[in-house]
Amino acid sequence: MKNEISIGLLGLGTVGSGVAKIIQQHQQDLHHKLGAQVSVKKVLVRDTNKDRLSSLDPSVFTTDIEDILNDSSLDIIVEVMGGIDGAKSAIEQALKNGKQVVTANKDVMAEYGHDLLKLADAEKCDLFYEASVAGGVPIIRTLEDGLASDRISSLMGIVNGTTNFIMTKMKKENMTYDDALAEATALGYAEADPSADVDGIDAARKMVILSSLAFSTEVHLDDVLVRGMKEIRDGDLELANKFGYTMKMVGSSTKDEDGIEVSVEPIFLANSHPLASVNNEFNAVYIYGDAVGETMLYGPGAGSLPTATSVVSDIIAACRNLQLGVNGKRAHAAQHERVIKPDSKCFSKYCHRLLVNDEVGVLSKMTAVYSRHGASIQSVIQSPANEDGKAELVLLTHQISRQQHLDVLKELQGTASVISHYRIEGEETA
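Just so you know, these numbers come straight off a predicted model, no measurement behind them.

Peer 1: Break down the overall build of the protein chain for me, citing the residues and quoting the values.
Peer 2: In terms of helices and strands, the protein chain carries 14 helices and 17 strands. Taken over C-alpha atoms, the radius of gyration comes to 24 Å for the protein chain, in line with the 22 Å a tight globule of 430 residues would show. With respect to the principal axes defined by its C-alpha atoms, the protein chain has extents near 85 × 45 × 35 Å. Looking at the 430 residues of the protein chain, the share that counts as buried comes to 51%. In the protein chain, once contacts between residues fewer than 6 apart in sequence are set aside, the share between residues at least 24 apart is 73%. For the protein chain, the exposed area adds up to about 19000 Å²; of that, 47% sits on carbon and sulfur atoms.

Peer 1: Can you explain the pairing of strand E15 (residues 390-397)? Please cite residues and give values.
Peer 2: Most of E15 sits inside the fold, with 6 of its 8 residues counted as buried. In the sheet, strand E13 (residues 347-357) pairs with E15 via 7 bridges, with the strands oriented antiparallel. By the bridge assignment for E15, Leu354 is matched with Leu393. With 5 bridges joining them, strand E14 (residues 377-382) and E15 adopt antiparallel strand pairing. When the bridges of E15 are listed, Ile381 appears paired with Val394.

Peer 1: Kindly report on the packing of aromatic side chains, identifying the contributing residues and their values.
Peer 2: Going through the model one piece at a time under the given rule, you end up with 5 aromatic pairs. Ring geometry for Phe268 against Tyr422: centres 5.0 Å apart, planes inclined by 20°, an arrangement best described as stacked. Of this pair, Phe268 sits in strand E10 (residues 259-270) while Tyr422 sits in strand E17 (residues 417-425); the two residues are 154 residues apart in sequence, bridging distant segments of the chain. The exposure class assigned to Tyr422 is buried, which follows from its relative accessible area of 1%. With a centroid separation of 5.1 Å and 75° between ring planes, the pair formed by Tyr286 and Tyr288 is classed as edge-to-face. Using a relative accessible area of 8% as the deciding quantity, one classes Tyr286 as buried. Through a chain of ring-to-ring contacts, three or more aromatic side chains come together here, namely Tyr245, Phe268 and Tyr422. Above the face of the Tyr112 ring, Lys88 is positioned so that its terminal group lies 4.9 Å from the ring centre.

Peer 1: Any details on the side chain of Glu265? Residues and values, ideally.
Peer 2: Its location among the elements puts Glu265 in strand E10. In this structure, Glu265 is in contact with Leu225, Arg227, Lys248, Met249, Val250 and Arg423, ignoring residues within four places of it in sequence.

Peer 1: I'd love a proper account of helix H6 (residues 139-146), names of residues and values included.
Peer 2: Helical geometry note: an α-helix holds 3.6 residues per turn, so side chains three or four residues apart project in the same direction. Among the residues of H6, Ile139, Ile140, Thr142, Leu143 and Glu144 are the ones counted as buried. The inward-facing, buried residues of H6 abut strand E7 (152-158), helix H10 (201-215), strand E11 (282-289) and strand E12 (293-300).

Scoring rules and cut-offs
- Residues numbered from 1 in each chain as written.
- Predicted model: local features only at pLDDT ≥ 70, side-chain atom pairs only at ≥ 80, totals over all residues.
- Heavy atoms only, no water.
- Helix = DSSP H or I, 4+ residues; strand = E, 2+ residues; numbered from the N terminus.
- Rg over C-alpha atoms; globule rule 2.2 N^0.38 Å.
- Buried < 20%, exposed > 50% of the residue type's maximum accessible area, 1.4 Å probe, protein only.
- Contact = heavy atoms within 4.5 Å.
- Areas by Shrake-Rupley, 256 points an atom, 1.4 Å probe, with all protein chains shown as cover.
- Pairing = 2+ DSSP bridges.
- Phe/Tyr/Trp six-rings, centres within 6.5 Å; stacked < 30°, edge-to-face > 60°.
- Lys NZ or Arg CZ within 6 Å of the ring centre and 35° of its normal.

Below, the structure is given as structure tokens:
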């Protein structure tokens, strides 16, 4: 049993500062839980002379990452500096040096997590990454431990607070996309370059991590169907509401006998679904298990202290393993072969919003397209023609494959303008 556990902290930004603050302020609680003092002994910063709000002793600061990675007195390396290449290299070196590692880096874990977890297994070290998904929501630990006895069949979630904040403002306050994004940026929810968020890449990386863990297989970023918020058109949110749905940017993944399907896209979500009421910057993940049925985790998806809480929880887990001498005992090898479902095996309902010439027989022409591809239509709504002689058609399909959906859209382009199209999740139609 150790009397003191020493930590090397890579980064002292928003999350790193929160980690240091929690460790310093919760010393009595940590000692009670672990029987040892937990101390931040070295911190990687860009500038040792910068004024900081942190109460850490400046003597622990260093600008040389090797001072931390090669320090034999450190027990745990905490990577919260962000980026990909440098962070990946640091995690690899720390594991090879026999260090336990905690990271909040979703980008690294999505791109290289499978290899890094294999390295951790080989080196008999821990690699924890709770904070890489959904900030303060303990979804990784829930999948690894709380639902370890169950077989997960699907999960879906709002895993990006920036896009959820924007969607909430657009629906609740009738803001334009640009105005909602500007407010998200002003409040610190959106980066100066928000493309990773609004294009769905951030959420896709998180879904790679969750899907790999939930289904015990390797899921890659290229396996994820990604559609961003920029595909949302004026009137789409109102259209969703008209049919009893809420527009949400959702990540979803399912696994059945045909394989795995993973997507991130704006969808029509039934108002009765629990995720439909998740607003602003909050995250939530809805899980379907064979035994547990349906369950959902909800909480803040970002922020200094919420994310730092997940990081420190991982630190505590690594410390407990150190005290028990069982680091690196958890196997991370994938159980199942990676099989990604083709579009012909991915089924859902869809909403197609079209602009057509207002002329006799146009509706018959449109429905004939669906018929040729075996796509059954549930309902059709036609709006009056505008001054240009164009009418809007909204068609809701029954359950069809994604391939049918794409084939229909491709053929429709010859006779109509496709304004927008969305997958539908849920049963409600007003």
